[in-house]
Amino acid sequence: MIRVVLPYHLRNLAGVGAEVSIEVAAPVTLRAVLDALEVRYPMLRGTIRDYGTGRRRPFLRFFVCEEDWSHEASDVELPEAVAAGREPLLIIGAIAGG
Amino acid sequence: MSKVRVLVGTRKGAFVLTADGKRKDWTVSGPFFAGWEIYHMKGSPVDPNRIYVSQTSGWFGQLIQRSDDGGKTWHQPGLPDEALPAPGPPRALPNRFAYDASAETGKPMTTHQWYDGTQHPWEFKRVWHLEPSLTDPGTVYAGVEDAALFRSTDGGENWRELPGLRGHGTGPKWQPGAGGMGLHTIILDPSNPDRIFIAISAAGAFRTDDGGATWKPINKGLVSNFMPNPTAEVGHCVHHVAMHPSRPGVLFMQKHWDVMRSDDAGDNWREVSGNLPTDFGFAIDVHAHEPETLYVVPIKSDSEHFPLGGALKVYRSRTGGNEWEPLTKGLPQKDCYVNVLRDAMAVDKLDECGIYFGTTGGQVYATADSGESWTPIVRDLPAVLSIEVQTLE
């Protein structure tokens, strides 16, 4: 199971806690994880990736194993620690005022 | 006994204020969608328990919410709450607003004018205004930024653009106002289902007479001195337009500067600012039972968005414009520096018409006597973006 940590407003939207677990078929890439997340929680469609472009919304960032993956290509495989469920994918809202 | 339900959209959530017909004791519920910007919420005139909400965020984009029980519970139209979705393509995409540039139905994606005069691509940002159909609770229109008009015929589950507006030809001359290039006003003509009026900052007012297929600018008579050609066909910063349902050919407009009136469905406008101390402002509305009685909230200027002299005054005209009287009883007359935004005024339909407006300071003021005296229903909400009122039997 892949672990994903969601920001506060998306947790509320999906009705879940801080972290969710979803099944993702290999290869485990950012795109595959986000696709699976949106299938399991359809209310999140469009909130993380723009509908039109499919790209990360500008004020969101992705962190994995203490590294910034916000600008990685979405088809790059995530680290084995994420694929094995030891580390989560963190989806974080950029800090930008009140 | 009649009831009143006031729908308040704020910078940090939605609130529902309810009272009986006396309008003295109010119940406040909310915040709903706490922390999100609620640009607008409005109930269906056919089914008042059905309320549509525009929920938006700079981080997470646009969502549409709907209540079918008068605001007690909410859901994104067409999405399951808890259960796993069915396999296959999703049935509903309630927050997908895709401009229609298809060969079959759409218009080419042009560019619009940017603040510096260069051309800029159209980009969807948010829904400013939701206007439910007068006859079908499942049909609702959405005015969006960057300016375009969308329609859903399945209760908000899926949206299609009416591309004849954005693509009618003057798009490259439209430009964003200070708050963005939003389509903020949608007025459905109760006497003619094919006629819709809309307004955009800063493009102007437009009308369709064929159900949204084709549109024409209706800005003749508007004068905007910030434009190279002050009487150009488009480019005017129209802040809001109001209409009394019994006289759909008569329109009242609060422009960036100037209060305007049209007696021919927007074909021609004339200024009716009259004796207003300043004719800059955002909100304008018409008394529920007196089609010649108007309300505006004058704001000092385009550079100073607060009441003149720090005194909050609603101005009323009982002559369809030109002659205005200040209404001040119950409103702060010193040290008041709030704004009243374009969609933040509405009227109820009780025998003694109630008028409501919200401020950027979080107050919602109400009058139950056509404006003679005002009382704050609430004082400390987040900045109010929109107000709508439902009169319930």
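Calculation criteria
Residues numbered from 1 in each chain as written. Chains lettered and ligands numbered in written order. Predicted model: local features only at pLDDT ≥ 70, side-chain atom pairs only at ≥ 80, totals over all residues. Helix = DSSP H or I, 4+ residues; strand = E, 2+ residues; numbered from the N terminus. Rg over C-alpha atoms; globule rule 2.2 N^0.38 Å. Buried ≥ 20, exposed ≤ 12 C-beta atoms within 10 Å, placed from the backbone. Pairing = 2+ DSSP bridges. Arc of directions from axis to C-beta. Contact = placed C-beta atoms within 7 Å. pLDDT = per-residue confidence, 0-100. Nonpolar A, V, L, I, M, F, W, Y, C, P; charged D, E, K, R; others polar. Axes fitted to C-alpha atoms, helices over the stretch in contact; angles between N-to-C directions.

Examining the overall build of chain A
On a plain count of helices and strands, chain A comes out with three helices and five strands. Starting at the N terminus and walking to the C terminus, you meet the elements of chain A as β-α-β-α-β-β-α-β. On C-alpha atoms alone, chain A measures out to a radius of gyration of 12 Å, which is about the 13 Å that the 2.2 N^0.38 rule sets for 98 residues. When the backbone C-alpha atoms are referred to their principal axes, chain A occupies close to 35 × 25 × 25 Å. Among the 98 residues that make up chain A, the fraction classed as buried is 30%.

With respect to the overall build of chain B
The helix and strand inventory of chain B stands at one helix and 29 strands. Expected size for 393 residues packed as a compact globule is a radius of gyration near 21 Å; at 20 Å, chain B falls within 12% of this value. The 393 residues of chain B split such that 52% are buried.

Some thoughts on the sheet that holds strand β19 (residues 259-262) of chain B
Backbone hydrogen bonds are what pair the strands of a sheet, in a parallel or an antiparallel way. Taken in spatial order, the four strands of this open sheet run β17-β18-β19-β20 (chain B), and their pairing is antiparallel. Both edges of this open sheet fall to β17 (238-243) and β20 (270-271) of chain B, since each of them pairs with a single strand only.

Observations regarding the pairing of strand β3 (residues 60-64) of chain A
Residue and element names in this part refer to chain A. In the sheet, β3 pairs with strand β5 (residues 89-93) via five bridges, with the strands oriented antiparallel. Bridging across to β5, Arg-61 finds its partner in Ile-92. Where β3 meets strand β4 (residues 67-68), two bridges bridge the pair, whose relative direction is antiparallel. The residue bridging Val-64 from the neighbouring strand is Glu-67, located in β4. Hairpin geometry of β3 and β4 is characterised by an intervening segment of two residues between the two adjacent antiparallel strands and by a positive phi of about 50° at Cys-65.

Structural notes on helix α2 (residues 30-40) of chain A
All names here are of chain A. Listed in full, the buried residues belonging to α2 are Leu-30, Val-33, Leu-34 and Leu-37. Along the axis of α2, the buried positions cluster into a sector of 95°, meaning they face one direction only. On its buried side, α2 packs onto β1 (2-5), β2 (19-22), β3 and β5.

Considering the confidence of the model for chain B
Summing up the model confidence of chain B, the mean pLDDT is 96 and the portion of residues at 70 or higher is 98%. The complex model carries a pTM of 0.96, and its ipTM stands at 0.94.

Concerning the interface of chain B and chain A
How large an interface is tends to be reported as the accessible area lost when its parts come together. Taken together, the contacts link 15 residues of chain B with 14 residues of chain A. When the residues that make up the side of chain B that touches chain A are grouped by side-chain class, the tally is eight nonpolar, six polar and one charged.

Some remarks on the environment of B:Asp210
Mapped onto the secondary structure, B:Asp210 falls in the loop between β15 (204-208) and β16 (216-217). Separated by 147 residues in sequence, B:Asp210 and B:Phe357 place their C-alpha atoms 33 Å apart.

Quick look at the pairing of strand β13 (residues 182-188) of chain B
For a regular strand, side-chain orientation follows a simple rule: the groups alternate between the two sheet faces. Residues and elements named next belong to chain B. Counted residue by residue, β13 has seven buried out of seven residues, so it is predominantly covered. Examined bridge by bridge, β13 and strand β14 (residues 196-201) share six bridges and lie antiparallel to one another. Residue Ile-186 lies in a different strand from β14, and its bridge partner there is Ile-198.

Re the sheet that holds strand β5 (residues 51-57) of chain B
Residue and element names in this part refer to chain B. Strand order in the open sheet formed by three strands is β4-β5-β6, with antiparallel pairing between adjacent strands. Every interior strand has two partners, whereas the edge strands, β4 (37-43) and β6 (61-67), have only one. The average angle at which neighbouring strand axes cross in this sheet is 15°, direction not considered. Looking at chain direction, β5 and β6 are connected through seven bridges and run antiparallel. Residue pairing for β6: Ser-57 is matched across the bridge by Gly-61.

Comments concerning the environment of A:Gly46
Mapped onto the fold, A:Gly46 is located in the loop between α2 and β3. Sequence separation of A:Gly46 and A:Met1 is 45 residues, and the distance between their C-alpha atoms is 23 Å.

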